[in-house]
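Structural overview for review
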Amino acid sequence: MYVQHTEEVPQTPPARASAGHDPTTVERGSFCTARCSCGWSGPARRSRDRARTDAAEHRAAP
């Protein structure tokens, strides 16, 4: 029998927000990605500042 280690367990997608957006940044290795509770995900960027800008632009979008 194979036992899954915690780092191998797939992450559950964020719950969908009923109103508004709640973008955050997630670091993975040398890249940073902006993600939102609505399911949106920006491109992976080496620049953390650019990923934060992507998140801010998404929050401001209608």
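This text follows the structure it describes.
Residues numbered from 1 in each chain as written. Predicted model: local features only at pLDDT ≥ 70, side-chain atom pairs only at ≥ 80, totals over all residues. Heavy atoms only, no water.

As a further point, take the overall build of the protein. Counting its secondary structure elements, the protein contains 1 helix and 2 strands. Each helix (α) and strand (β) of the protein, taken in turn from the N terminus, gives the series β-β-α. Here the protein holds 62 residues, and the buried ones make up 18% of them. In the protein, the proportion of contacts linking residues at least 24 apart, taken out of those at least 6 apart, comes to 14%. Of the roughly 5,000 Å² of accessible surface on the protein, a fraction of 53% belongs to carbon and sulfur atoms. (Helix = DSSP H or I, 4+ residues; strand = E, 2+ residues; numbered from the N terminus. Buried < 20%, exposed > 50% of the residue type's maximum accessible area, 1.4 Å probe, protein only. Contact = heavy atoms within 4.5 Å. Areas by Shrake-Rupley, 256 points an atom, 1.4 Å probe, with all protein chains shown as cover.)

Relative to the elements of secondary structure, His58 occurs in helix H1 (residues 48-60). Those residues within four positions of His58 in sequence are excluded, and the remaining contacts are His21, Pro23, Cys36, Cys38 and Trp40.

Attention now moves to the pattern of salt bridges. For the structure on display, the rule yields 5 salt bridges. Arg48 is the partner of Glu27 in a salt bridge, and the nearest nitrogen-oxygen pair spans 3.3 Å. Residue Glu27 is found in strand S1 (residues 24-28), and its partner Arg48 is found in helix H1; the two are separated by 21 residues along the sequence. Close ionic contact of Arg50 with Asp54 constitutes a salt bridge, the shortest N to O distance being 3.4 Å. (Salt bridge = Lys/Arg side-chain N within 4 Å of Asp/Glu carboxyl O.)

In this section: the environment of Val26. Mapped onto the elements, Val26 comes out in strand S1. As a C-alpha pair, Val26 and Ala51 span 25 residues in sequence and 9.0 Å in three-dimensional space. Those residues in contact with Val26 that lie beyond four places of it in its chain are Phe31, Cys32, Thr33 and Arg35.

On to the environment of Ser37. You can see Ser37 is positioned in the loop between strand S2 (31-35) and H1. Here Ser37 falls in the buried class, since its relative accessible area comes to 13%. When the C-alpha atoms of Ser37 and Pro23 are compared, they prove to be 6.4 Å apart, with 14 residues separating the residues in sequence.

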